[in-house]
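# Structural overview for review
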Amino acid sequence: MTKDTAGIWTYTSDVLAPELYSYNVIIDGVKTTDPNNVYLIRDVASVFNIFLIDGGQADLYKVNDVPHGTVARRWYSSPGNNMTRRMTIYTPPGYENSKEKYPVLYLLHGMGGDEEAWVALGRTAQIMDNLIAQGKAKPMIVVMPNGNVAQQAAPGESPKGFYKPSMQLPHTMDGQYEATFKDIIDFVENNYRVQADKAGRAIAGLSMGGFHSLHISRYYPNTFDYIGLFSPAIMPDPKIQSKVYDDFDATLKKQMGNGYKLYWIGIGKEDFLYKYVKEYREKLDAMGMPYVYRESDGGHIWKNWRVYLSEFVPQLFK
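This one's a predicted model, so the numbers in the text were calculated from it and none came from an experiment.

### Points about unusual backbone geometry
Of note, Asn82 is a non-glycine position whose phi angle comes to about 55°, a positive value. Secondary-structure assignment places Asn82 in the loop between β7 (70-78) and β8 (83-91). With a phi angle near 55°, Asp247 is a residue other than glycine that sits in the positive phi range.

### Brief notes about the nonpolar core
Of all hydrophobic cores here, the largest spans 46 residues; its most connected members are Tyr106, Ile141, Val143, Phe181, Tyr263 and Tyr280. In terms of residue count, the dominant contributor to this core is helix α5 (residues 181-191) (five residues). Not counting residues within four places of it along the chain, the set of residues in contact with Tyr263 comprises Leu214, Ile227, Leu229, Leu252, Gln255, Tyr280, Leu284, Met289, Pro290, Tyr291 and Val292.

### Observations regarding helix α6 (residues 208-219)
Three- or four-residue spacings in an α-helix give side chains the same orientation, since the helix completes a turn every 3.6 residues. The end-to-end C-alpha distance of α6 is 16 Å, a good match for the 16 Å that 12 residues give at a rise of 1.5 Å each. Burial analysis of α6 places 11 of its 12 residues in the buried class, the great majority of the element.

### Some details on the pairing of strand β9 (residues 104-108)
With five of its five residues buried, β9 lies for the most part within the structure. The alternating pattern of β9 places Val104, Tyr106 and Leu108 on one face and Leu105 and Leu107 on the opposite face, and all of these are buried. Bridge count for β9 against strand β10 (residues 141-145) is three bridges, and the pairing is parallel. Residue pairing across strands places Val104 opposite Ile141, the latter belonging to β10. Where β9 meets strand β11 (residues 201-206), five bridges bridge the pair, whose relative direction is parallel. Its bridge partner being in β11, Leu107 is matched across the sheet by Ala204.

### Brief notes about the side chain of Asn81
One can find Asn81 in the loop between β7 and β8. On the basis of relative accessible area, Asn81 is assigned to the buried category, the value being 13%. There is a polar contact of 2.9 Å between the side chain of Asn81 and the side chain of Ser78. In terms of polar contacts, Asn81 uses its side chain to reach the side chain of Thr180, at 3.1 Å. Sequence-distant contacts of Asn81, that is, excluding residues within four places in its chain, are made with Val149, Gln176, Thr180 and Asp183.

Conventions we followed
Residues numbered from 1 in each chain as written. Predicted model: local features only at pLDDT ≥ 70, side-chain atom pairs only at ≥ 80, totals over all residues. Heavy atoms only, no water. Helix = DSSP H or I, 4+ residues; strand = E, 2+ residues; numbered from the N terminus. Core = buried A, V, L, I, M, F, W, Y, C linked by side-chain atoms within 4.5 Å. Buried < 20%, exposed > 50% of the residue type's maximum accessible area, 1.4 Å probe, protein only. Contact = heavy atoms within 4.5 Å. Expected span 1.5 Å × (residues − 1). Pairing = 2+ DSSP bridges. Polar contact = N/O pair within 3.5 Å; in protein donor to acceptor, adjacent residues only side chain to side chain.

Here it is in structure tokens:
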């Protein structure tokens, strides 16, 4: 924490990443945003100022002078949830002028997030632009849905108006999202030029999104060739009854038997979910189910998830 000549205290946090700093200003004991910094970011219901320092991890997600993809917010019909919902979609540079069919990564957020989380906090578009420009990743479409089936869209982006975001919403992890995920795939494959087969689909997510990715890929066991679990929650609440969570071991074995090209797990050594991921890896080892494991420093933080994305994406659609 530092104090300037005007008597204003500031502090920084590495919650987002060492090279992407978030901070607030404290004036007379009251926390506020910095009036001299117009750059803001929201994480659930907290708002921070941000700034980037070149070098290190920031080079993964800073804006470079390279071809840029397009980020769109799309509304789609979700019959399974009886509502129209919103998702964020990244299309790679050149998509609009091409006739090519592209593979798709479905990228899922964590609890408290929404369809804005990965593109804002995760800086997905910048990571994708840079990896594609460097020849490290194949051009692909990235679909970032809203994993809260009780919401049509992020706070302030639906008819519910401006309300304070909260961490956990109804039906967040009760099987409803997994059971209706086909609505998302159907919209994408009916409205975008995509490789509509298992080899052209990947799914990954952080925390709750890792939980969803695990169970969606298992529930639709011959749908995704690439699965990424970033600091994932693993098992559902035992009080939850949903056919999505039935026959856990049997459906994992079916997924393994159908084959896939990559099952990737990453977690920080200080993550509160580390123990559960260790137990899940032991289950996979006992089953003989192949996976790639990435262990990093740190805990349950965006610093890790951005890095995991930058390492996972280059391994897709080979």
